[in-house]
Amino acid sequence: QSVLTQPPSASGTPGQRVTISCSGSNSNIGSNYVFWYRQLPGTAPKLLIYKNNQWPSGVPDRFSGSKSDTSASLAISGLRSEDEADYYCASWDDSLSGQVFGGGTKLTVL
Amino acid sequence: EVQLLESGGDLVQSGGSLRLSCAASGFTFSSYAMNWVRQAPGKGLEWVSTISGGGDTYYADSVKGRFTVSKDNSKSTLFLQMNSLRVEDTAVYYCARASGGTTITGARWGQGTLVTVSS
């Protein structure tokens, strides 16, 4: 049971816009930054969004992050087949004094 | 170029010990918090431990009292001493740099090192 809650799966067709949600609480998302990562099988995770809505160098603006109260979302527009991957949200939890991850969302491009 | 290179992963029996290392280069190591994140086979990401630039340490409840994170700023190397290993500690262990000004894992990850604990 992860501290941050993500849907286990999501799907979309090429060109579509999909969103992945991440629900937390006042001790994590409600008071700290949210980060988003993408992971392809057998590889290390790649940072997509940091500090709620900032893009690391090299990440296209098809990916966008938002946060409201104790929830956050990752939106992917112009869906491509190569976006098929596992997506994770993360934050810091003040009560646990540690980083927390969501359980991950497997995105399928139909 | 920022690089993180883990080593030390191995097959070990339950109850045994292992020390992971992470050699960092390409940035001012002492200025960043560093994290260990693991991923069990077929499972999601799990945060293990953080050491701040100033040396403050944080641990997941699942490893508290068994694992110890440390670093050698002079050698830009991060360590994870793992004692009393359990089968459920089997995972790929990633060393990762925190995003600047935070303790949350950022863009720089190592390639991972596999720890297998057998019963």
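Anyway, here's the lowdown on the structure attached to this text. (Residues numbered from 1 in each chain as written. Chains lettered and ligands numbered in written order. Predicted model: local features only at pLDDT ≥ 70, side-chain atom pairs only at ≥ 80, totals over all residues. Heavy atoms only, no water.)

## What about the packing of aromatic side chains?
Phase 1 of the analysis: Scanning all chains against the criterion turns up seven aromatic pairs over all chains.
Phase 2 of the analysis: Taking 5.7 Å as the distance between ring centres and 80° as the angle between the ring planes, the aromatic pair formed by Y37 of chain A and W109 of chain B counts as edge-to-face. Of this pair, Y37 of chain A sits in strand 3 (residues 34-39) while W109 of chain B sits in strand 10 (residues 105-109), on two different chains. The two residues Y37 of chain A and W109 of chain B agree in class, both being buried.
Phase 3 of the analysis: Ring centres of W92 of chain A and W47 of chain B lie 6.0 Å apart, and the angle between their planes is 70°; this geometry places the pair in the edge-to-face category. Placement of the pair is W92 of chain A in strand 7 (residues 85-93) and W47 of chain B in strand 5 (residues 45-51), with the two residues belonging to separate chains.
Phase 4 of the analysis: Take W92 of chain A: its relative accessible area is 9%, and that puts it in the buried class.
Phase 5 of the analysis: Residue classification places W47 of chain B among the buried residues on the basis of a relative accessible area of 6%.
Phase 6 of the analysis: Over the face of the ring belonging to F27 of chain B we find R97 of chain B, whose NZ or CZ atom lies 4.8 Å from the ring centre.
Phase 7 of the analysis: Between the NZ or CZ atom of R97 of chain B and the centre of the ring of Y32 of chain B, over which it lies, the distance is 4.0 Å. (Phe/Tyr/Trp six-rings, centres within 6.5 Å; stacked < 30°, edge-to-face > 60°. Helix = DSSP H or I, 4+ residues; strand = E, 2+ residues; numbered from the N terminus. Buried < 20%, exposed > 50% of the residue type's maximum accessible area, 1.4 Å probe, protein only. Lys NZ or Arg CZ within 6 Å of the ring centre and 35° of its normal.)

## Observations regarding the side chain of S99 of chain B
Phase 1 of the analysis: Looking at the secondary structure, you find S99 of chain B in the loop between strand 9 (91-98) and strand 10.
Phase 2 of the analysis: Aside from chain neighbours lying at most four places away, what touches S99 of chain B is F35, Y50 and K51 of chain A together with I104, T105 and G106 of chain B. (Contact = heavy atoms within 4.5 Å.)

## Digging into the pattern of salt bridges
All names here are of chain B.
Phase 1 of the analysis: Under the counting rule described, the total for this entry stands at seven salt bridges over all chains.
Phase 2 of the analysis: Taking the shortest distance from any N to any O, the salt bridge between R38 and D89 comes out at 2.9 Å. Note that R38 is positioned in strand 4 (residues 34-39) and D89 in the loop between strand 8 (77-82) and strand 9, a separation of 51 residues in sequence. The burial state of R38 is the same as that of D89; both residues are buried. (Salt bridge = Lys/Arg side-chain N within 4 Å of Asp/Glu carboxyl O.)

## Comments concerning the pairing of strand 7 (residues 67-72) of chain B
Residues and elements named next belong to chain B.
Phase 1 of the analysis: Of the two faces of strand 7, the one lined by F67, V69 and K71 is fully buried and the one lined by T68, S70 and D72 carries no buried residue.
Phase 2 of the analysis: Relative to strand 8, strand 7 is paired through six bridges, and the arrangement is antiparallel. When the bridges of strand 8 are listed, D72 appears paired with T77.
Phase 3 of the analysis: Linkage of strand 7 to strand 8, two consecutive antiparallel strands, is achieved through a turn of four residues, within which S76 is found at a positive phi near 50°. (Pairing = 2+ DSSP bridges.)

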